[in-house]
Amino acid sequence: MGHRTQPLHHPNSPAQRQLDHALTALARITPGRRRYIAEAAAEYLDQIDGRRLPLGYNRPFPAALADANRADAFRMRRGCTVAAMLGLAIQPADEHFPTTARAIISAVNAPVDRLVQAAHTTGAPAAVALVHLLGGTR
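The model shown is predicted, which means the values in this text are computed figures rather than measured ones.

Procedures and definitions
Residues numbered from 1 in each chain as written. Predicted model: local features only at pLDDT ≥ 70, side-chain atom pairs only at ≥ 80, totals over all residues. Heavy atoms only, no water. Helix = DSSP H or I, 4+ residues; strand = E, 2+ residues; numbered from the N terminus. Buried < 20%, exposed > 50% of the residue type's maximum accessible area, 1.4 Å probe, protein only. Contact = heavy atoms within 4.5 Å. Areas by Shrake-Rupley, 256 points an atom, 1.4 Å probe, with all protein chains shown as cover. Core = buried A, V, L, I, M, F, W, Y, C linked by side-chain atoms within 4.5 Å. Axes fitted to C-alpha atoms, helices over the stretch in contact; angles between N-to-C directions. Parallel < 35°, antiparallel > 145°, perpendicular 65-115°, else oblique. Left-handed = near helix turned anticlockwise from the far one by under 90°. Nonpolar A, V, L, I, M, F, W, Y, C, P; charged D, E, K, R; others polar. Salt bridge = Lys/Arg side-chain N within 4 Å of Asp/Glu carboxyl O.

Novice: Hey, could you run me through the overall build of the protein chain in this one?
Specialist: Along the protein chain, the regular secondary structure elements total six helices and zero strands. Going residue by residue from the N terminus, the α and β elements of the protein chain occur as α-α-α-α-α-α. A burial count over the protein chain gives 32% of its 138 residues as buried. Sequence-distant contacts, at least 24 apart, represent 55% of the contacts inside the protein chain between residues at least 6 apart. About 8,500 Å² of surface is accessible on the protein chain, with carbon and sulfur atoms providing 58% of the total.

Novice: Looking at this structure, I do not really get unusual backbone geometry. What am I missing?
Specialist: For residues that are not glycine, phi is negative in most cases, and the peptide bond is trans in most cases. Its identity as a non-glycine residue notwithstanding, R78 has a phi of 65°, on the positive side. By relative accessible area, which is 24% here, R78 ends up partly exposed.

Novice: Got a minute to help me understand the nonpolar core in this structure?
Specialist: Taken as a class, soluble globular proteins show a tendency for nonpolar side chains to be buried jointly. Ranked by internal contacts, the top residues of the largest apolar core, which has 22 residues, are V82 and L86. When contributions to this core are tallied by element, the ones reaching two or more residues are α1 (14–27), α2 (31–48), α3 (66–76), α4 (79–86) and α5 (97–122). When residues of this core are assigned to their parent elements, the largest contribution, six residues, is made by α2.

Novice: What is the right way to read the packing of α1 against α5 from this model?
Specialist: Each packed pair of helices is defined by two parameters, the angle between the axes and the distance between the axes. Packing of α1 against α5 brings their axes to within 10 Å, and their N-to-C directions diverge by 30°. In terms of their interaxial angle, α1 and α5 are classed as roughly parallel. Classified by chirality, the crossing of α5 by α1 is right-handed. For the pair α1 and α5, the contacting residues are Q18, L19, A22, L23 and L26 in the first and F97, T100, A103, I104, A107 and V108 in the second. Classifying every residue of the contact of α1 with α5 gives nine nonpolar, two polar and no charged.

Novice: Looking at this structure, how should I read the pattern of salt bridges?
Specialist: Pairing between side chains of opposite charge can happen when their charged atoms approach one another. Under the definition given, this model contains six salt bridges. Between E43 and R52 there is a salt bridge whose closest N-O contact spans 4.0 Å. The exposure class assigned to R52 is partly exposed, which follows from its relative accessible area of 34%. The shortest N-O distance in the salt bridge between D67 and R70 comes to 2.1 Å. On the criterion of helical spacing, the pair formed by D67 and R70 is a turn pair, its members being three residues apart in helix α3. The partly exposed category is assigned to D67, whose relative accessible area is 46%. Overall, the relative accessible area of 13% leaves R70 in the buried class. Linked through salt bridges whose partners overlap, the residues forming this network are D46, D49, R51 and R102.

Shown next as structure tokens:
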């Protein structure tokens, strides 16, 4: 079975190994570097998802040139920064990297999302914020 036909959740697929490696590496670095990596991943995805034009172009790449768009975003929109900081050995046009970038952003934002959910659930956002600032939650 080739790597393109294996689903993302298959434990031996290159996509799953890439994702596992990225999230493991992300867990070992400082919160400040995590935020920096998430910002770089968001910039990369902005071009992939069409929210931002390729650098130096006045229109997006057509869908038929998705590989070229991924490679351009990797080089020009800090995708290479994300890969380097997490120790990922990938090609610029890697078809699985956008999924990995989304997972990185979700992992970095997860603590904030939990705090927001706690604030909504309790109806006391000030109390949740105070407990968090005093070190009572993560």
